[in-house]
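Understanding the architecture of this molecule
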Amino acid sequence: PEPPAETREAVYLSTLLAWRTMRRQRQLRVASFALAACAALAVLGLGWYRLSALGGSAEVVATLVDSLGNARGDTRGRAVRRGEWLQSSAQRGLTLDLTTGDRLRMAAQSRLKFLENDRLHLESGAVYFASGVRDDARRTPPQSALYIETDIGQVIHLGTRYMVQRTADRMNVRVRSGAVRVRTALTEAALQRGSEAAYAADGRELFRRPLHSSAPAWGWVDALAPPLAIDGRRLTEVLNEIALETGREIAFADETVRLDCGMIELKGPLLELAVGDR
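Below, the structure is looked at part by part.

Successive residues of a regular strand alternate their side chains across the two faces of the sheet. Burial along strand β13 (residues 188-192) is one-sided: A189 and L191 are buried, while E188, A190 and Q192, pointing the other way, are not. As paired elements, strand β12 (residues 179-184) and β13 share 5 bridges and run antiparallel to each other. In the strand pairing of β13, V182 is matched with A189. Between β12 and β13, which pair antiparallel and follow one another directly, the connecting turn spans 3 residues.

Okay, the pattern of salt bridges next. Considering all chains together, one arrives at 18 salt bridges under this definition. Note that R119 and E116 form a salt bridge whose closest N and O atoms lie 3.5 Å from each other. Classification of E116 by relative accessible area gives partly exposed; the value is 27%. The salt bridge partner of R209 is E196, with a shortest N-O separation of 2.7 Å. Placement of R209 in strand β15 (residues 205-210) and of E196 in strand β14 (residues 195-200) is noted, with a sequence separation of 13 residues between them.

Bringing the nonpolar core into the picture now. For soluble globular proteins, nonpolar side chains are generally found buried alongside one another. Counting residues in each nonpolar core, the largest one holds 30 residues, and the members touching the most others are L96, L104, L112 and F114. Among the elements that take part in this core, strand β7 (residues 119-130) stands out by supplying 4 residues, more than any other. When residues no more than four places from it in sequence are discounted, the contact partners of L112 are E84, W85, L86, L104, M106, L120, H121, L122 and V127. The next biggest cluster of nonpolar side chains, apart from the first, holds 9 residues, and it includes A107, A126, L211 and V221.

For the rest of this paragraph, the subject is the pairing of strand β10 (residues 161-166). Within β10, 5 of the 6 residues are buried, which leaves it mostly tucked inside the rest of the structure. Alignment of β7 against β10, held across 6 bridges, turns out to be antiparallel. Residue A126 lies in a different strand from β10, and its bridge partner there is Q165. With antiparallel pairing between neighbouring strands as the criterion, β10 and strand β11 (residues 170-177) make up a hairpin whose turn holds 3 residues.

Glancing now at unusual backbone geometry. Most peptide bonds take the trans configuration, and most residues that are not glycine carry a negative phi. With a phi angle near 60°, Q109 is a residue other than glycine that sits in the positive phi range. Looking at the element boundaries, Q109 is found in the loop between β5 (103-106) and β6 (111-116). Overall, Q109 belongs to the exposed group, its relative accessible area being 56%.

Turning our attention to the side chain of T150. Mapped onto the secondary structure, T150 falls in the loop between β8 (147-149) and β9 (153-157). According to the relative accessible area criterion, T150 is buried, its value standing at 9%. There is a polar contact of 3.0 Å between the side chain of T150 and the backbone nitrogen of I152. With residues up to four places along the chain from it excluded, the contact list for T150 reads H121, L122, V164, R166 and M171.

The subject of this paragraph is the packing of aromatic side chains. Aromatic rings in a pair are described by how distant their centres are and how their planes are angled relative to each other. Scanning the model with the defined rule gives 2 aromatic pairs in all. Seen in terms of ring centroids, Y128 and W218 are 5.8 Å apart; in terms of plane orientation they differ by 75°. Their pairing is edge-to-face. Taken as a pair, Y128 in strand β7 and W218 in the loop between β15 and α3 (219-223) lie far apart in primary sequence, 90 residues in all. Aromatic pair F129 and Y162: ring centres 5.8 Å apart, planes at 45°, arrangement tilted. Within this pair, whereas F129 is found in strand β7, its partner Y162 is found in strand β10, the two being separated by 33 residues in sequence. A residue is classified by how much of its surface remains accessible, and F129, at 0% relative accessible area, is buried. On the basis of relative accessible area, Y162 is assigned to the buried category, the value being 0%. R111 extends its terminal NZ or CZ atom over the ring of W85, reaching a point 4.2 Å from the ring centre.

Cut-offs applied
- Residues numbered from 1 in each chain as written.
- Predicted model: local features only at pLDDT ≥ 70, side-chain atom pairs only at ≥ 80, totals over all residues.
- Heavy atoms only, no water.
- Buried < 20%, exposed > 50% of the residue type's maximum accessible area, 1.4 Å probe, protein only.
- Helix = DSSP H or I, 4+ residues; strand = E, 2+ residues; numbered from the N terminus.
- Pairing = 2+ DSSP bridges.
- Salt bridge = Lys/Arg side-chain N within 4 Å of Asp/Glu carboxyl O.
- Core = buried A, V, L, I, M, F, W, Y, C linked by side-chain atoms within 4.5 Å.
- Contact = heavy atoms within 4.5 Å.
- Polar contact = N/O pair within 3.5 Å; in protein donor to acceptor, adjacent residues only side chain to side chain.
- Phe/Tyr/Trp six-rings, centres within 6.5 Å; stacked < 30°, edge-to-face > 60°.
- Lys NZ or Arg CZ within 6 Å of the ring centre and 35° of its normal.

Any functional reading would require information that these geometric values do not contain.
As structure tokens, then:
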């Protein structure tokens, strides 16, 4: 029999953490060899050539998208590069498509910087991460994770949707689906779907409690959700996307109803209301 979804996610997360640790150690060794090689080339008079070959703009890690999920050219350009500070306005948040195939939403008055394409630092405000949103219905378990860091701690996920918020005196972590692992100077713990926890500036866990997927805390996240496309899609597929977007589960009255929904093809324009309102 298949293990429960939460058990699979926990196994994926533990395996990923071990693999990422080994990979970073290997990268450090490779970097050391690369530095030694560069020094040798400099002695041979090829330093200038190497610097020229490595020059250019920083790596693009994300793209700003508009309310329909299309790339936008305003707000400092549509490309977000590694090492660049990104700040949302006081009036509204931002939505970013990551090069990893995932999507990130920033609340209003938030400030962050991508240290790598899979690692960002949140200085203030809140972000919401959704894995594989551009291919949710057919996506296999993700092969990489995003590390969200604040000066209080680090949040690591594998295939989930969650929020990290940095306020003046603490860090809040809320999990809508899947599971995450939180690391601070004083604690390390896993948070499962439907829960939230808060951590003080010194890394202490202040509390942990249940949080419903439709709680008011998710309001700004749903407000940034793009309209839902339904034309030409099966009803079951649309229902699955709504459930995924809002952290809910679908329960059909019986098998006949489930099969009927799989046969119905929808017609119509984009649903303009945030799916969280339904």
